[in-house]
Amino acid sequence: MSTQATALGRLARRRPKRQMGRERADRRLGYLLVAPVVILLLLITAYPLAYNLWNSFHAVNLSIATGGHPFVGVKNYTKMFGSSEWVSALLRTAGFTAVSIFLETVAALGLALMLHRKFPGRGFLRAAVLVPWAVPTVVSATLWKTMFDQRAGFVDYMLGNLHLPGAHTTWLAGIWTSWAAVFVADAWKNVPFMAIILLAGLQVIPTEVYEAARIDGASAWQAFRRMTLPLLKPALAVALIFRTLQAFLVFDVIYIMTGGGPGVSTQTLAFLNWQTFLIGTDFGYGGAISMMLVLISLAIAAVYVRALRPET
Amino acid sequence: MPHGWALVREFIFYLLVLIVIAISLFPFYWILRTSLMSNAQVAQGVGGSNGLLPSHLTTKAYVDDFTKQHFLKPLVNSAIVALIATAITIVVATMAGYALARLKIRFSGAILAFILIAGFFPVLAMVGPLFLLFKELSLLNNIYPLILAYLVYTLPIATWLLRNFFAQIPAELEEAALVDGATRLQALRKVVVPVAIPGVFTAAILAFILAWNDFTFAVSFLETPDKFTAPLAIVNFGQSAFQVFYNRIDAAVVIITIPIALLVLFAQRRIVSGLTAGSFR
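Cut-offs applied
Residues numbered from 1 in each chain as written. Chains lettered and ligands numbered in written order. Predicted model: local features only at pLDDT ≥ 70, side-chain atom pairs only at ≥ 80, totals over all residues. Helix = DSSP H or I, 4+ residues; strand = E, 2+ residues; numbered from the N terminus. Rg over C-alpha atoms; globule rule 2.2 N^0.38 Å. Buried ≥ 20, exposed ≤ 12 C-beta atoms within 10 Å, placed from the backbone. Contact = placed C-beta atoms within 7 Å. Nonpolar A, V, L, I, M, F, W, Y, C, P; charged D, E, K, R; others polar. Domains from an automatic or database assignment. Expected span 1.5 Å × (residues − 1).

## Points about the overall build of chain B
Now for step 1: Scanning chain B from N- to C-terminus turns up 12 helices and zero strands.
Now for step 2: Tracing chain B from N to C terminus, the helices and strands come up as α-α-α-α-α-α-α-α-α-α-α-α.
Now for step 3: The C-alpha atoms of chain B give 24 Å as radius of gyration, which overshoots the globular expectation for 281 residues (19 Å, by more than 25%).
Now for step 4: Overall, the C-alpha framework of chain B stretches about 75 × 70 × 30 Å when taken along its three principal axes.
Now for step 5: Residues counted as buried form 45% of the 281 residues belonging to chain B.
Now for step 6: In chain B, once contacts between residues fewer than 6 apart in sequence are set aside, the share between residues at least 24 apart is 75%.

Here it is in structure tokens:
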């Protein structure tokens, strides 16, 4: 990347005039072509971010007919950190995130290994698991809401017929069972995406690695743990960043399946944020919650980038 | 033909494959089945003549969706927004993807990083400010501002995908045209664009799916049913005071799922390779 540093780089930069002219023209064209995407994305990310930041230090509530939006310092933030509602939402969300990514990563790894193997029907398997990922969250949430419904759903029917515990429950009315339903809907849709990313990682590991391990007498499990997993780190990092952020910011499923309930037991941080904005119409307090959401997201991403940095 | 322990392992493997396929696809069958039942059947519950394959099937729920729940307008709204968002995305992302892959711009690494980070941006944090902005501009309850918001879903992944795609096209193709005296733009038009069509196609499919699937922005900015997009309309279907019409909800779900499922089945190989090619080299 720093061709300037090496002598070879210096040599390489002594190029014929026509080529230098072309490179300059290329660069200008390049900036022109890249400008639209950068401008658009800045508009829809940086602008709301700045607006939220400003709002979080002012009183901005559409339901309160004060004149203007007075500066309130860190009042919104102290309110947030001191509110049991926010803290509970944070803990709930963290818990859901931890459980969800652990279980989903294991499942995705298994699925990726399955898809990695060449066998007749592999294409069909791949197509079959991609459909849950591709459908809108509305579909997956509504679908599982139906499945878990006592009268219209399959879960009760199956559990009842197999005489397993859990039959005849109203899943979405119980504190833990509603989380279970949310988790199933979430995992069903998202494990395939993780699996595809892990599959990409598996596909670049040369087979010689396995053969060498086998020749040395390692069992399949040992070969997997000592050779495959470390080489899978980059793919794992990408898959985990995606999933952790998505799980932490989960909103659609909650809104559609439980509406935050029963009571507030499935009120996640993102859902609380949305309620504050659109039902509480409090954009100052909501702005503070959003800023925390962004900061925590950045922290999560940073942790992963650091921890799963591939060994050179 | 493997035997002994190896045979058992083979059997278990294929069994697992079947289980995974069942978990993925059976829920869709259940939705289809429920959508073909009458209101009375749904109220009855599952079992007896209403088992895995009900004895009576009817398409009344589908008819009701269009006559009583007015599902056509939301479908049209969704289509308009998703198509326009996709069109904008393709133009912008192809330009940027090409530039990032081929033209030596300074800071191309930083620009790419910014685009990817924008893709990770918590969408919920955008809802508040955008709501205020649209309110100021009297653009609430209007489907067109959604297009702008949807770009945050589609641009990062489309740009990334197209950049990877262009990076894999051999440079010699363009070099040959350039040596023959063409300008960069001419080379682009005559040589690169034809080769890029598969990549652009895949990016378009992904962008369309992402735009179509949104719920968060729709539920935040749209107020009246005639302006709803399809995902939003479905959620409000079952909010009748007396009965949750699972058959109608599920019929709507089936209607929405079919185009998406067809797109995926048709393009799954492309989508997977587009998302993964060159990622971990």
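Moving on from the model shown.
## Re the interface of chain A and chain B
Now for step 1: At the junction of the two partners, chain A supplies 71 residues and chain B supplies 74 residues.
Now for step 2: Among the elements that line the side of chain A that touches chain B, the one with the most residues is helix 2 (residues 17-56) of chain A, at 19 residues.
Now for step 3: Each residue belonging to the side of chain A that touches chain B can be placed in one class, and the counts come to 51 nonpolar, 13 polar and seven charged.

## Section: the domain arrangement of chain A
Where interface size is given, it is often the accessible area lost as the parts come together that is meant.
Residues and elements named next belong to chain A.
Now for step 1: Per the domain assignment, the segments making up chain A are domain 1 (18-56) and domain 2 (75-307).
Now for step 2: The straight-line distance from the C-alpha centre of domain 1 to that of domain 2 is 33 Å.
Now for step 3: In this assembly, five residues from domain 1 lie in contact with eight residues from domain 2.
Now for step 4: For the side of domain 1 that touches domain 2, a count of residues per class yields two nonpolar, three polar and no charged.

## A closer look at helix 10 (residues 220-231) of chain A
Now for step 1: Taking 1.5 Å per residue as the helical rise, helix 10 of chain A with its 12 residues ought to reach 16 Å, and the 15 Å between its terminal C-alpha atoms agrees with that figure.
Now for step 2: Within helix 10 of chain A, only zero of the 12 residues are buried, leaving the element largely exposed.

## A few points about unusual backbone geometry
Residues and elements named next belong to chain B.
Now for step 1: The phi torsion at Ser 138 lies on the positive side, around 55 degrees, for a residue other than glycine.
Now for step 2: Locating Ser 138 in the fold gives a position in the loop between helix 6 (123-136) and helix 7 (144-167).
Now for step 3: A residue is classified by how many C-beta atoms lie within 10 Å of it, and Ser 138, with 8 of them, is exposed.
Now for step 4: Of note, the phi angle at Asn 141 is positive, near 55 degrees, even though the residue is not glycine.
Now for step 5: Residue placement: Asn 141 occurs in the loop between helix 6 and helix 7.

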